[in-house]
Amino acid sequence: LTSGTLTSGPKVVEFEKAFAAQHGAKHGVATSNGTTALMAAMMAHGIGPGDEVIIPSFSFFATASCVLSVGARPVFADIYPDTFNMNPAAAEAVITPRTKAIMPVHLYGQPAEMPAFEALCQKHGLVLLEDSAQAHLAAIGDRHVGTWGTASFSFYPTKNMTTTEGGMVLTNDDEIARKLRMIRAQGMNTQYYHEVVGYNFRMTDMAAAIGLVQMGRLPQWTCDRVGNATLFNSKLESVRTPVNRDGYTHVYHQYTVRVPDGVDREAVTKRLNERGIGVRVYYPLPIHRQPVFQNMGGYDKLDLPETEKATAQVFSLPVHPALTDEEKQYIIEEVNASC
Ligand SMILES: *Cc1c(COP(=O)(O)O)cnc(C)c1O
């Protein structure tokens, strides 16, 4: 505040460099939120009317709204029942001559199967994007998310780290980074000379200053989340616990379990909430079944059985770093007594 720079300034540049380096990416372009990060990524790759983008339907709505916002068509592919992430074979099955990009989501903090998506995009000449909004520091082996494709992150307060509102796009591509910077700031390269149609997607220096402190704490917070999840995995008996692929670092943005077949999820979550445990359902309705899609043509006949089944069975338990030992014990006992 005393620096006098209230909008984008040196703190934003410092945060972009530090966050990109933390993930092993070449460029970071900070934005006003995760949704504008996704929109900027779509625009930087020239995705627009007539193009199709393959995404999962089991995600937060912004995964699809960014595609619609540039006039392109979201094409939904089904998920794996164990990791909840988009299945590359299902994605390949819906590729058409209009397909321009594939954007897996690292849902709940577990990386999607990026080596398979990378191979798929190379084979078909497609752009690879990542919705990394829930997956700060998630990795496959020693390679972090955000380094396979043009990757958008969110720093909304519920995410693993925050800048209040905020987002960032990571890319290894110099030209895409240049375009992202223009799109973020009114399409300008030189002040008051507008090369493309851009917007105001800027992050403030105040948000970036918060982000710099938060990202320093992120490694420890991530360890704490993984530790909490490991404890729950070993003690929960009445629900199906998350499946973590070998060699994948799941950062547990959410710790999401499934009720067994035949068990009423609503009864279980109601009871746990009444017992003081903040359980939530992410997400109760697949994106392609949202009211806004019903008049768009073609989505009503779409059959995504694993997505439908997951939306009816999942719920998420608190897994955040501030949980005390007593709280964790209470959660374990109550969940085991609940179904
Ligand atoms: C949070 C989130 C977004 C949007 O980020 P905001 O910062 O809230 O705009 C996009 N995709 C996914 C998967 C998210 O979880």
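Asks: Summarise the pairing of strand S8 (residues 150-154); cite the residues concerned and give the values.
Replies: The buried count for S8 comes to five of five residues, which makes it a mostly enclosed element. Alternating positions in S8 separate into two faces, Thr 150, Ser 152 and Ser 154 on one and Ala 151 and Phe 153 on the other, with burial throughout. Inspection of the sheet shows strand S5 (residues 127-131) paired to S8 by three bridges, in the parallel sense. Bridge pairing in S8 links Glu 130 to Ala 151.

Asks: Break down empty space enclosed by the protein for me, with residues and values.
Replies: Taken as a whole and assessed by the stated rule, the structure comprises two cavities of 30 Å³ or more. In this model, the largest cavity occupies a volume close to 70 Å³. Considered class by class, the residues forming the lining of the largest cavity number seven nonpolar, five polar and one charged. Volume-wise, the second largest cavity comes out at about 50 Å³. Lining the second largest cavity we find Tyr 80, Thr 83, Asn 85, Met 86, Gln 110, Pro 111, Ala 112, Glu 113, Arg 245 and Tyr 248. Its residues placed into classes, the lining of the second largest cavity shows five nonpolar, three polar and two charged.

Asks: Describe the packing of aromatic side chains, listing the residues and the values that go with them.
Replies: Under the defined criterion, the tally for this structure stands at 16 aromatic pairs. Look at Phe 58 and Tyr 108: their rings are 6.3 Å apart centre to centre, the planes differ by 85°, and that puts the pair in the edge-to-face class. With Phe 58 in the loop between strand S2 (52-56) and helix H3 (62-69) and Tyr 108 in the loop between strand S4 (99-102) and helix H5 (114-124), this pair connects stretches of sequence that are 50 residues apart. Taking the relative accessible area as the measure of exposure, Tyr 108 reaches 2% and is therefore buried. Ring centres 4.8 Å apart and planes at 75° place the aromatic pair Phe 293 and Tyr 299 in the edge-to-face group. Overall, the relative accessible area of 1% leaves Phe 293 in the buried class. Directly above the aromatic system of Trp 148 lies the positively charged group of Arg 143, at a separation of 4.0 Å from the ring centroid. The ring of Tyr 80 carries the charged tip of Arg 245 above its face, separated from the ring centre by 4.8 Å.

Definitions and cut-offs
Residues numbered from 1 in each chain as written. Predicted model: local features only at pLDDT ≥ 70, side-chain atom pairs only at ≥ 80, totals over all residues. Heavy atoms only, no water. Buried < 20%, exposed > 50% of the residue type's maximum accessible area, 1.4 Å probe, protein only. Helix = DSSP H or I, 4+ residues; strand = E, 2+ residues; numbered from the N terminus. Pairing = 2+ DSSP bridges. 1 Å grid on protein atoms, 1.4 Å probe; cavity = no way out; pocket = protein on both sides within 12 Å on 5 of 7 lines; lining within 4 Å. Points joined across faces, edges and corners; volume = space filled by probe spheres on them. Nonpolar A, V, L, I, M, F, W, Y, C, P; charged D, E, K, R; others polar. Phe/Tyr/Trp six-rings, centres within 6.5 Å; stacked < 30°, edge-to-face > 60°. Lys NZ or Arg CZ within 6 Å of the ring centre and 35° of its normal.

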